[in-house]
Amino acid sequence: MKWMLVVLVGGVSPVNTDLVFDKFSDCLAAEEQMRQHYSDAFDAWDRMAAARIDRRRDYKKARDVEAKRLLSNVGTCVPHGGDQPPITAPQQQPPAASSQQPAPAPSPTPRT
């Protein structure tokens, strides 16, 4: 079975990464690496913000927003059926023709 890494943006919205792995452990390692990149990006932003933002209260608010933006994205490994044919819904059969013949149309009556 193959595994695909999917990122849940904000912990909710799934985004397909198109990263497919043969082993579950490889997928988990990629997810860990992704989390580390987000953590490193947050740390870099935090160092920059601490040096630039003068007011402590503004820094705290900005830090909370940035932490939610970067650190709430999580990855998850889901089974990927790339080698399997897609599952399709069974086709519905058209209704069987009724065995009754349609009634003939009435013929017009002659006028006298």
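This section reports on the structure supplied with the text.

Thresholds applied
- Residues numbered from 1 in each chain as written.
- Predicted model: local features only at pLDDT ≥ 70, side-chain atom pairs only at ≥ 80, totals over all residues.
- Heavy atoms only, no water.
- Salt bridge = Lys/Arg side-chain N within 4 Å of Asp/Glu carboxyl O.
- Helix = DSSP H or I, 4+ residues; strand = E, 2+ residues; numbered from the N terminus.
- Buried < 20%, exposed > 50% of the residue type's maximum accessible area, 1.4 Å probe, protein only.
- Axes fitted to C-alpha atoms, helices over the stretch in contact; angles between N-to-C directions.
- Parallel < 35°, antiparallel > 145°, perpendicular 65-115°, else oblique.
- Left-handed = near helix turned anticlockwise from the far one by under 90°.
- Contact = heavy atoms within 4.5 Å.
- Nonpolar A, V, L, I, M, F, W, Y, C, P; charged D, E, K, R; others polar.
- Pairing = 2+ DSSP bridges.
- Expected span 1.5 Å × (residues − 1).
- Core = buried A, V, L, I, M, F, W, Y, C linked by side-chain atoms within 4.5 Å.

## With respect to the pattern of salt bridges
Scanning all chains against the criterion turns up six salt bridges. One salt bridge connects Asp22 with Lys2, and the closest N-O pair in it is separated by 2.7 Å. In this pair, Asp22 is assigned in the loop between strand 2 (13-21) and helix 1 (24-52) and Lys2 in strand 1 (residues 2-9), connecting sequence segments 20 residues apart. Overall, the relative accessible area of 55% leaves Asp22 in the exposed class.

## A closer look at the packing of helix 1 against helix 2 (residues 56-71)
One can describe the packing of helix 1 onto helix 2 by two numbers: an axis separation of 10 Å at closest approach and a directional angle of 165°. The angle between helix 1 and helix 2 falls in the class roughly antiparallel. Between helix 1 and helix 2 the crossing geometry is right-handed. Listed contacts from helix 2 to Tyr38, Ser39, Ala41, Phe42, Trp45, Asp46, Ala49 and Ala50 of helix 1 are Tyr59, Ala62, Arg63, Glu66, Ala67, Leu70 and Leu71. Split by residue class, the contact of helix 1 with helix 2 holds eleven nonpolar, one polar and three charged.

## A look at the sheet that holds strand 2
Here three strands make up an open sheet; going across it, the order is 2-1-3 and the pairing antiparallel. Each edge of the sheet is formed by a strand with only one pairing partner; in this case those strands are strand 2 and strand 3 (74-80). The average angle at which neighbouring strand axes cross in this sheet is 30°, direction not considered.

## Some details on the pairing of strand 1
Pairing geometry for strand 1 and strand 3, over seven bridges, is antiparallel. Looking across to strand 3, one finds that Val7 is bridged to Gly75. As defined by bridge partners, strand 1 adjoins strand 2 across seven bridges and the pair is classed as antiparallel. Within strand 2, the position partnered with Trp3 by the bridge is Phe21. Two successive antiparallel strands, strand 1 and strand 2, enclose a turn made up of three residues, where Gly10 displays a positive phi of approximately 70°.

## As for helix 1
A rise of 1.5 Å per residue sets the reference length of helix 1, with its 29 residues, at 42 Å; its end C-alpha atoms lie 42 Å apart and thus fit the reference within 8%. Turning to helix 1, its buried residues number three or more, namely Cys27, Ala30, Glu31, Met34, Phe42, Trp45, Asp46 and Ala49. Elements in contact with the buried residues of helix 1: strand 1, strand 2, helix 2 and strand 3.

## Side note on the side chain of Asp46
Relative to the elements of secondary structure, Asp46 occurs in helix 1. Accessibility expressed as a relative area gives 15% for Asp46, which makes it buried.

## Quick notes on the nonpolar core
Residues Trp3, Leu5, Phe21, Cys27, Ala30 and Cys77 constitute the largest nonpolar core, which totals six residues. Taken together, the elements giving at least two residues each to this core come down to strand 1 and helix 1. In this structure Trp3 touches Leu19, Val20, Phe21, Asp22, Lys23, Phe24, Cys27, Cys77, Val78, Pro79 and His80, once residues within four positions along its chain are discounted. Residues Phe42, Trp45, Tyr59 and Leu70 belong to the second largest nonpolar core, which totals five residues.

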